[in-house]
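What follows is the residue order along each chain.
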Amino acid sequence: MTHYLISFDDGTMIIPEGELPKVAEASMEVVRQAREAGVWVYGGGLERQRASIVSPDGTVTDGPAPETKAVIGGFSVIDVPTREAALAWAAKIAEACRCPQEVREIMPDPTA
């Protein structure tokens, strides 16, 4: 099977404070379903948007770069046989999180 990254832009998940428990509950339900289906690999939200950029020469700078407009707010990694299956899981996550999800195929581990 193939791993897929399902993620959302930090600025797209705008939930009224009173609705957050419902969103969290719905999201955890999708995770439970994915675990039961045997497709869940890993996922989580990012604590904060502070990032460091490490250059090939080892230089470390603060990031992301100022021109970056979109940053990942959270992600899930699933292991499914087809892109269509990944899109179906992304639709479930989008509904639970109430925000659009991006789907990307992860290249296979070359050492596997």
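No experiment lies behind these values; they were computed from the predicted model shown.

Colleague: Can you help me understand the pairing of strand E4 (residues 60–63) in this one?
Modeller: Sheet topology places strand E3 (residues 51–54) next to E4; four bridges connect them, and they run antiparallel. By the bridge assignment for E4, Ala-51 is matched with Gly-63. From the end of E3 to the start of E4, which pair antiparallel, there are five residues, and Gly-58 there has a positive phi angle of about 95°.

Colleague: When you look at the side chain of Ser-76 in this model, what are you seeing that I'm missing?
Modeller: Examined against the element boundaries, Ser-76 turns out to sit in strand E5 (residues 72–80). Those residues in contact with Ser-76 that lie beyond four places of it in its chain are Tyr-4, Leu-5, Ile-6, Trp-40, Tyr-42, Gly-43 and Ile-93.

Colleague: Would you take a moment to explain the pattern of salt bridges for this structure?
Modeller: Opposite charge on two side chains permits pairing when their charged atoms draw close. Following the criterion strictly, the structure yields five salt bridges and no others. In this structure, Arg-98 and Glu-19 form a salt bridge, with 3.1 Å as the shortest nitrogen-oxygen distance. Taken together, the residues Arg-98 in the loop between helix H2 (83–97) and strand E6 (102–105) and Glu-19 in the loop between strand E1 (2–9) and helix H1 (20–36) connect sequence positions 79 residues apart. Ionic pairing is found between Arg-104 and Glu-102, a salt bridge with its closest N-O pair at 2.8 Å. One salt-bridge network, held together by shared partners, links Glu-19, Lys-22 and Arg-98.

Colleague: It is not clear to me how H2 should be interpreted in this structure. Could you clarify?
Modeller: Note on helix geometry: an α-helix contains 3.6 residues per turn, so any two residues three or four positions apart are oriented the same way. In a regular helix each residue adds 1.5 Å, so 15 residues correspond to 21 Å; H2 covers 20 Å between its end C-alpha atoms and thus fits that length. Residues of H2 that are buried include every one of Ala-86, Trp-89, Ala-90, Ile-93, Ala-96 and Cys-97, and no others. In a view along the axis of H2, the buried residues occupy a sector of 120°, so they form one face of it. Facing away from the buried side of H2 by over 90 degrees, the exposed positions are Glu-84 and Glu-95. Considering only its buried residues, H2 is in contact with E1, H1, E5 and E6. In the stretch just after H2, Arg-98 is the one whose phi turns positive, near 60°.

Conventions we followed
- Residues numbered from 1 in each chain as written.
- Predicted model: local features only at pLDDT ≥ 70, side-chain atom pairs only at ≥ 80, totals over all residues.
- Heavy atoms only, no water.
- Pairing = 2+ DSSP bridges.
- Helix = DSSP H or I, 4+ residues; strand = E, 2+ residues; numbered from the N terminus.
- Contact = heavy atoms within 4.5 Å.
- Salt bridge = Lys/Arg side-chain N within 4 Å of Asp/Glu carboxyl O.
- Expected span 1.5 Å × (residues − 1).
- Buried < 20%, exposed > 50% of the residue type's maximum accessible area, 1.4 Å probe, protein only.
- Arc of directions from axis to C-beta.

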